[in-house]
Amino acid sequence: MYIKTAGLVLREVEINEADKLIDILTRDRGLVTAKARGVRRSRSPIKSACQLLAYSEFNLFEYREKLTVQEAEPIEQFRELRDELELFALGSYLAQTVSVVAQEDAPNPELVSLILNALYALAKLRKPQLLVKAAYELRLARLAGFEPELEACPVCGAQTPDRFDLSLGAAVCADCHPEGNAGIRMPITPTVLDAMRYICWCDGKKLFSFRLDEEQLKMLSSVTEAYLMTQLEHSFSTLDFYKSLLQYGEIL
Ligand SMILES: [Zn+2]
């Protein structure tokens, strides 16, 4: 059976002499794994379409529940990301996180749009990396079913709580302690709280259309990152690599 679908390559693993196994986040079938034969040879016609972070039109052949790439044509390769190691590392982290949330045989167009818009914001719109990272992380957590409670402190009802409780997934006041909860709490400023509300409640098309100064962005990004990891119960090697690049940059 042939399957035609558009999808983003989230992961690639080299196998045999010249082949790769690729994970593709497709619009129609959710996450799939397909074998790309001969793709590591320099003249392979499907090479650019099957590389990490390429968004391509795939023609897949299914036989005994295994998929093979028959044809593939790149729609958007995000070349700008490939030219800068830091951007590519961040893109790889986004790909790894979405692959944890995505499921086989469960199409989720919102997930596909979220990561494509994030890559577009990094590559084409040149939005600040931490802004894209933070907005993406929180929105992904929400899409994965972990919508945080940001309206008011669940204990006293205050409108501007100054902590975010990672395991509870709620903004709370420093002095308020919901029953039976002793999770990690991170400090948040009113500006960061407003940004979190914006990220969760805005139209997806406007997700990256806000501004924050660098200090606030750093706070936001560390909260959204910790929240995503806490809720997914997962750590990410690609994130460690991205952060190691940032640190190196700061030392220089
Ligand atoms: Zn309170």
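Basis of the calculations
- Residues numbered from 1 in each chain as written.
- Predicted model: local features only at pLDDT ≥ 70, side-chain atom pairs only at ≥ 80, totals over all residues.
- Helix = DSSP H or I, 4+ residues; strand = E, 2+ residues; numbered from the N terminus.
- Rg over C-alpha atoms; globule rule 2.2 N^0.38 Å.
- Expected span 1.5 Å × (residues − 1).
- Buried ≥ 20, exposed ≤ 12 C-beta atoms within 10 Å, placed from the backbone.
- Pairing = 2+ DSSP bridges.
- Axes fitted to C-alpha atoms, helices over the stretch in contact; angles between N-to-C directions.
- Contact = placed C-beta atoms within 7 Å.
- Arc of directions from axis to C-beta.
- Domains from an automatic or database assignment.
- Nonpolar A, V, L, I, M, F, W, Y, C, P; charged D, E, K, R; others polar.
- Parallel < 35°, antiparallel > 145°, perpendicular 65-115°, else oblique.
- Left-handed = near helix turned anticlockwise from the far one by under 90°.

A. The arrangement of the overall build of the protein in detail. When its secondary structure is counted, the protein shows 7 helices and 8 strands. In terms of overall dimensions, the protein is globule-like: its C-alpha atoms have a radius of gyration of 20 Å, near the 18 Å expected for 252 residues. Reported as C-alpha extents along the three principal axes, the dimensions of the protein are approximately 60 × 45 × 30 Å.

B. A look at helix H2 (residues 85-101). Over its 17 residues, H2 runs 25 Å from end to end, which matches the ideal 24 Å to within 8%, given 1.5 Å per residue. Here H2 lies mainly inside the structure; 12 of its 17 residues are buried. Of the residues making up H2, those classed as buried are Leu87, Phe88, Ala89, Leu90, Gly91, Ser92, Tyr93, Leu94, Ala95, Thr97, Val98 and Val101.

C. Broad picture of the sheet that holds strand S6 (residues 163-165). Overall, antiparallel pairing links the 3 strands, which are arranged S7-S6-S8 in an open sheet. Strand pairing shows two members of the sheet lacking a second neighbour, strand S7 (170-172) and strand S8 (185-187), which therefore form its edges. For this sheet, the mean angle separating the axes of adjacent strands, direction not counted, is 30°. Of the pairings in the sheet, the one linking S6 to S8 comprises 3 bridges and is antiparallel in character. The residue bridging Asp165 from the neighbouring strand is Arg185, located in S8.

D. Representation of the sheet that holds strand S5 (residues 66-76) within the structure. The mixed closed barrel is built from 5 strands, whose spatial order is S1-S2-S3-S5-S4. The sheet shows a mean angle of 50° between the axes of neighbouring strands, taken without regard to direction. Pairing of strand S3 (residues 30-36) with S5 involves 2 bridges; the strand directions are parallel. Of the residues in S5, the one forming a bridge with Ala34 is Leu67. The sheet strands contacting H2 are strand S1 (2-15), strand S2 (19-26) and S3, and the helix crosses S1 at an angle near 115°. Each of S1, S2 and strand S4 (55-63) is contacted by helix H3 (residues 109-123), which is oriented at about 60° to S1, the strand it contacts most.

E. Inspection of unusual backbone geometry at higher detail. Of note, the phi angle at Phe78 is positive, near 50°, even though the residue is not glycine. Note that Phe78 resides in the loop between S5 and helix H1 (79-82). Phe78 gets classed as buried once you count the C-beta atoms within 10 Å, which come to 23.

F. Spotlight on helix H5 (residues 190-201). Taking 1.5 Å as the rise per residue, H5 with 12 residues should run 16 Å; its terminal C-alpha atoms sit 16 Å apart, in good agreement. Listed as buried for H5 are Val192, Leu193, Ala195, Met196 and Ile199. Buried residues in H5, looked at end-on, bunch into an arc of 160°, giving them a common side. For H5, the exposed residues lying more than 90 degrees away from the buried face are Pro190 and Trp201. If you follow the buried residues of H5, they end up packed against helix H4 (129-143), S7 and helix H6 (214-232).

G. Fine view of the domain arrangement of the protein. For the protein, the assigned domains are domain 1 (2-77) and domain 2 (80-251). Computed over C-alpha atoms, the centres of domain 1 and domain 2 are 29 Å apart. Domain 1 puts 14 residues into the contact, and the matching count from domain 2 is 19 residues. Residue assignment for the side of domain 1 that touches domain 2 shows that the elements contributing at least two residues are S1, S2 and S3. A class-by-class count of the residues in the side of domain 1 that touches domain 2 yields 8 nonpolar, 1 polar and 5 charged.

H. Representation of the pairing of S1 within the structure. Where S1 and S4 come together, 7 bridges link them in antiparallel fashion. Within S4, the position partnered with Tyr2 by the bridge is Phe61. In this structure, S1 lies alongside S2, joined through 8 bridges in antiparallel fashion. Of the residues in S2, the one forming a bridge with Val13 is Leu21.

I. Highlighting the packing of H4 against H5. In the contact formed by H4 and H5, the axes pass within 9 Å of each other and the chain directions differ by 55°. Taken together, H4 and H5 sit at an angle that is classed as oblique. As H4 runs across H5, the sense of the crossing is right-handed. Taking contact as the criterion, the partners of Ala135, Leu138, Arg139 and Arg142 in H4 are, on H5, Met196, Ile199 and Cys200. Among the residues making up the contact of H4 with H5, the classes are represented as 5 nonpolar, no polar and 2 charged.

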